[in-house]
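Structural characterization, general
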Amino acid sequence: MDKSAFPDPTFIISGQMHASRRHDSAHKHVTGTADYIDDLPEPAGLLHGALGLSDRAHAEIVSMDLSEVAATPGVVWVFTGKDVPGINDVSSNGSHDEPLLAETKVEFHQQPIFAVIAETRDIARRAARKAKIEYRDLAHWSDIDGALENGGALVTSPMTLSRGEAKTEMENAARRLKGQMRIGGQEHFYLEGQIAMAIPGEDDEVAVWSSTQHPSEIQHTVGHVLNIPSNAVTVNVRRMGGGFGGKETQGNQFAALAAIAAKKLKRSIKFRPDRDEDMAATGKRHDFMVDYELGFDEDGRIHAVDATYAARCGFSSDLSGPVTDRALFHADSSYFYPHVHLTSKPLKTHTVSNTAFRGFGGPQGMLGAERFIEEIAYAVGKDPLDIRKLNFYGQPGSGRTLTPYHQEVEDSILERIVGELEESADYQARRREIIEFNRDSRYIKKGLALTPVKFGISFTLTAFNQAGALVHVYQDGSIHLNHGGTEMGQGLYTKVAQVLADSFQIDIEHVKITATTTGKVPNTSATAASSGTDLNGMAAYDAARQIKERLVAFAAEKWDVPVSEIAFLPNRVRVGNQEIPFPDFIRQAYFARVQLSAAGFYKTPKIHWDRAAGKGTPFYYYSYGASCTEVSIDTLTGEYLIDRTDILHDVGRSLNPAIDIGQVEGAFVQGMGWLTTEELWWDAKGRLRTHAPSTYKIPLASDRPKIFNVKLAEWSENAEQTIGRSKAVGEPPFMLAISVLEALSMAVASVADYKVCPRLDAPATPERVLMAVERMKAVG
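Note that the structure is a prediction, hence the values are computed from the model and not measured.

Below, the discussion takes up the confidence of the model for the chain. Within the chain, residue pLDDT values average 96, and 98% of them lie at 70 or more. Long-range and interchain partners of residues 1-7, a stretch whose pLDDT sits below 50, account for 18 contacts in this model, where long-range means more than four residues apart.

Set out below in structure tokens:
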């Protein structure tokens, strides 16, 4: 068949795609009518579950008396790891190192040991506290230093990236320096906490509603713990009240517990921990310690980098392997290292196992690289922005395009992005004014920084780069859309609906977006790695293409016209010299017995990765951006204000500019929280003490930059064949917030007349800023 009737998906143009459309649930979010799992009508006979949690960081379980728990009025069942019908494990990577319920030993404070099922949630929670457990305490450590001091045990194999001769060439560099940077973790703090509801079916069947980014993993986990096949488990996800990576693997235990109880008791079960339990028992962003040695010349051009990235991973591997890998993938940030040697250390600690978080290790790697630039800038007495531009990746043929993992950077727009922002933010004039201001101001100091972003897009596990979609066209011309991606507020459903509406040239209101379910699209990848729209948008397009091929063949035969005279126009189809309303056309196709349903599929091309060799092409393309931030600090208290931020970000040809700008704004503020106010703290007994809004401080609306200018690079277009030539927008803008930390650092450095690098660690809380100011006073 002549394929001219089917436009290249990378060049779809109509009023549906590349247009600002409201989020499909926006009106429901603001009116409170959006249904989350806890809003669904409760099935008759629903029971509630609660966790029984350990009060030791590392100990053997000597004895456990749950008689008082079970005797509590309203308690229906109490179960432990011994009651798990299948495998007592919820690890996400097949390592079998994460028990659903600890049986003989606990390895972090608040680790689940047993579960209580009761008539009400309150009864279950109160009963869980009546357990009498005897422990034999073991040595524990909860941070990177403790792990290193106690042998440096790893939760998974480390990775090394190497190119050139870093150690030899370090000695040949004109200038050298060594340093260390500590980078804090972060709590996801999704508005909707972890939750799961299981409804038993006949035979071995069970249906699970879970707030998860990875329905297929929930399906597999439930199958394993119940010892039933995946086809007996159906997982449903309409929407999440936020995820940020915290619902990629962490929902496994709640869904598994609910499913076990549902099948045992033949009643529906819901698990919903409160915020304290959620924060204590689920993983967070990994905190890192970066030890580095840099070799560079008198101009500030990097010659060699040798760095080790140690991470607090927790008691099990979870996703720590790929997270620490991605940290190394982004340890170059936007800069070319002629000679480089990078090593990860995924360290075991007696804390909850850390997990995915927006950026997935990339932010930690990039932050370390920006510290390298800052160190060099202060060492040679130059503006850090000048050192950044001096070390940017070059254009093809420059000899400065090869990453530490041996992928060529062929699409760099760093110089244009940074150059345009430098001009639009009036960076140079403002920097001069700020230096003058700091010279005259005794207590208030200002800082200004402009930092770039280069972020690789794709799952580094090649198999995850696939997606499916199911599309039905009904007789009245309305369309039903289902795909493997999950909606957590980021607008994925809306964007994929735009793709379908564009493909059929109908109004988006005629596309029904339905809940993600493993019963319709199998073997889905997690909605993560910023690839949700890339993968699912192309899968939906593929389904639409199949249906359109059949429709065109039908029209050509019925009206005896060549394919070239058939075209889909807005809400109608032109066949020869007549135009038929889309619903009428579809109805005629139905009566001609044309199949109006298709399963689409897409897999990302070109990518491959050899972890053992540390070489390959793990990323399909890169997303770019830049941010410029101005801050003011009080040198007497360490308090600060974010005065202004200007952002220019690359999303290729935006599928939905309104949603994309919202993603950039939200990611920046979340990143700002990670680098300033959000601090995780464990006490000497290994207890997380920042476990609620009273002790853990996410940014408020009043903390955002007082002037906040965000623009998309409207001239950008993805060089690769993505849907509509767009680029990912979920994770890359998170790293724009690095400009905040760098600006704070400049303000602190002014106290010592910019003589030395302040080495300001993250999060830069007011206390940490004040201590850095005192160090600078000693230098000055």
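Mapping Gly666 onto the fold places it in helix H17 (residues 657-675). Residue classification places Gly666 among the partly exposed positions, given a relative accessible area of 35%.

Moving on: the packing of aromatic side chains. When we look at a pair of aromatic rings, we describe it by the centre distance and by the angle of the planes. Considering all chains together, one arrives at 22 aromatic pairs under this definition. Taken together, a centroid distance of 5.0 Å and an interplanar angle of 55° make the contact between Tyr292 and Phe372 tilted. Taken together, the positions of Tyr292 in strand S13 (residues 288-296) and Phe372 in helix H10 (residues 362-380) put the pair 80 residues apart, joining distant regions of the chain. Across the pair, Phe372 and Tyr292 agree in class, each one buried. Both rings, one in Tyr590 and one in Phe591, keep their centres 5.1 Å apart while their planes meet at 75°; by these two values the pair is edge-to-face. Looking at Tyr590, the relative accessible area reads 38%, which means it is partly exposed. Connected via pairs of aromatic rings, a cluster forms that spans Phe329, Tyr405, Trp609, Phe619, Tyr622 and Tyr624.

This part is about the side chain of Arg388. Positionally, Arg388 belongs in helix H11 (residues 384-391). Looking at Arg388, the relative accessible area reads 2%, which means it is buried. Engagement of the side chain of Arg388 in a polar contact is seen with the side chain of Tyr335, the distance being 3.3 Å. With residues near it in sequence (within four places) discarded, Arg388 still touches Tyr335, Glu370, Ile373, Leu450, Thr451, Pro452 and Glu742.

All right, on to empty space enclosed by the protein then. Picture a little ball the size of a water molecule; that probe, rolled over the atoms, points out where space is still empty. Per the stated rule, a full pass over the model turns up 6 cavities of 30 Å³ or more. Approximately 100 Å³ is the volume attributed to the largest cavity. Contributing to the lining of the largest cavity are 13 residues, with Glu98, Phe108, Pro112, Gln253 and Phe315 lying nearest its centre. A per-class count over the lining of the largest cavity returns 8 nonpolar, 4 polar and 1 charged. Considered as a void within the structure, the second largest cavity measures approximately 80 Å³ in volume.

What follows is about the environment of Phe464. Tracing the sequence through the fold places Phe464 in the loop between strand S16 (444-457) and strand S17 (466-473). With 368 residues separating them along the chain, Phe464 and His96 place their C-alpha atoms 20 Å apart. Not counting the four nearest positions on each side in its chain, Phe464 is found in contact with Phe459, Ser525 and Leu535.

So, on to the pattern of salt bridges. Counted under the stated rule, the structure contains 45 salt bridges. A salt bridge links Arg388 to Glu370, with the nearest nitrogen and oxygen atoms 2.7 Å apart. With Arg388 in helix H11 and Glu370 in helix H10, this pair connects stretches of sequence that are 18 residues apart. Each member of the pair, Arg388 as well as Glu370, is classed as buried. Between Lys495 and Asp660 there is a salt bridge, and its shortest N-O distance comes to 2.5 Å.

For the rest of this paragraph, the subject is the packing of helix H14 (residues 492-504) against helix H15 (residues 532-559). Packing of H14 against H15 brings their axes to within 9 Å, and their N-to-C directions diverge by 25°. Considering the angle they form, H14 stands roughly parallel to H15. At the point where H14 passes H15, the crossing takes the right-handed sense. Residues Leu492, Lys495, Val496, Val499, Leu500, Ser503 and Phe504 of H14 touch H15, and the partners they reach there are Gly532, Thr533, Asn536, Gly537, Ala540, Tyr541, Ala544, Ile547, Lys548 and Leu551. Partitioning the contact of H14 with H15 into residue classes produces 10 nonpolar, 5 polar and 2 charged.

This part is about the layout of surface pockets. As a volume, the second largest pocket reaches approximately 510 Å³. Looking at the lining of the second largest pocket, the elements with two or more residues in it are strand S1 (47-53), helix H3 (121-128), strand S6 (132-137) and helix H8 (275-281). It is H8 that provides the largest number of residues to the lining of the second largest pocket, a total of 4 residues. Taken together, the residues of the lining of the second largest pocket sort by class into 13 nonpolar, 6 polar and 9 charged.

Here we take up H15. Compared with the 40 Å implied by 1.5 Å per residue over 28 residues, the 40 Å span of H15 between its first and last C-alpha is a close match. Counting buried residues in H15 gives 22 out of 28 residues, a clear majority hidden from the surface. Of the residues one or two after H15, Asp560 is the one with positive phi, at around 55°.

This part takes up the sheet that holds strand S2 (residues 59-65). What the 3 strands build is an open sheet, ordered S4-S2-S6; its pairing is antiparallel. Edge positions in the open sheet fall to strand S4 (105-106) and S6, since each of these has one partner strand only. Examined bridge by bridge, S2 and S6 share 6 bridges and lie antiparallel to one another. From the neighbouring strand, Asp65 faces S6, where its bridge partner is Lys132.

Geometrically, the link from Ala762 to Pro763 is a cis peptide bond, its omega value of 0° lying close to zero. As for its position among the elements, Pro763 is in the loop between helix H18 (738-749) and helix H19 (766-779). Of note, Ser530 is a non-glycine position whose phi angle comes to about 60°, a positive value. Phi angles above zero are rare outside glycine, and Tyr754 is one such case at about 60°. Here Tyr754 shows up in the loop between H18 and H19.

Glancing now at the nonpolar core. Grouped together as the largest cluster of nonpolar side chains are 157 residues, with contacts concentrated most on Phe504 and Leu551. Counting 37 residues, the second-largest nonpolar core is a separate cluster that includes Phe79, Val90, Leu101 and Phe271.

Ordered by their spatial adjacency, 5 strands build an open sheet running S7-S15-S14-S13-S8, and the pairing between neighbours is mixed. Two strands lie at the open edges of the sheet, namely strand S7 (160-163) and strand S8 (175-183), each paired on one side alone. Across the sheet, the mean angle separating the axes of adjacent strands is 10° when strand polarity is ignored. Pairing between S8 and S13: 9 bridges, direction antiparallel. Each bridged residue has a counterpart across the sheet, and for Arg176 the counterpart in S13 is Gly295. Helix H9 (residues 320-329) contacts S7, S13, strand S14 (302-314) and strand S15 (339-348) of the sheet and is inclined by roughly 155° relative to S15.

This brings us to the pairing of strand S23 (residues 578-581). Relative to S23, strand S22 (residues 572-575) is paired through 4 bridges, and the arrangement is antiparallel. Within S23, the residue paired with Val573 across the bridge is Ile580. Counting the residues that bridge the hairpin from S22 to S23 gives 2 residues, and of these Gly576 lies at a positive phi of roughly 65°.

The rules we used
- Residues numbered from 1 in each chain as written.
- Predicted model: local features only at pLDDT ≥ 70, side-chain atom pairs only at ≥ 80, totals over all residues.
- Heavy atoms only, no water.
- pLDDT = per-residue confidence, 0-100.
- Contact = heavy atoms within 4.5 Å.
- Helix = DSSP H or I, 4+ residues; strand = E, 2+ residues; numbered from the N terminus.
- Buried < 20%, exposed > 50% of the residue type's maximum accessible area, 1.4 Å probe, protein only.
- Phe/Tyr/Trp six-rings, centres within 6.5 Å; stacked < 30°, edge-to-face > 60°.
- Polar contact = N/O pair within 3.5 Å; in protein donor to acceptor, adjacent residues only side chain to side chain.
- 1 Å grid on protein atoms, 1.4 Å probe; cavity = no way out; pocket = protein on both sides within 12 Å on 5 of 7 lines; lining within 4 Å.
- Points joined across faces, edges and corners; volume = space filled by probe spheres on them.
- Nonpolar A, V, L, I, M, F, W, Y, C, P; charged D, E, K, R; others polar.
- Salt bridge = Lys/Arg side-chain N within 4 Å of Asp/Glu carboxyl O.
- Axes fitted to C-alpha atoms, helices over the stretch in contact; angles between N-to-C directions.
- Parallel < 35°, antiparallel > 145°, perpendicular 65-115°, else oblique.
- Left-handed = near helix turned anticlockwise from the far one by under 90°.
- Expected span 1.5 Å × (residues − 1).
- Pairing = 2+ DSSP bridges.
- Core = buried A, V, L, I, M, F, W, Y, C linked by side-chain atoms within 4.5 Å.

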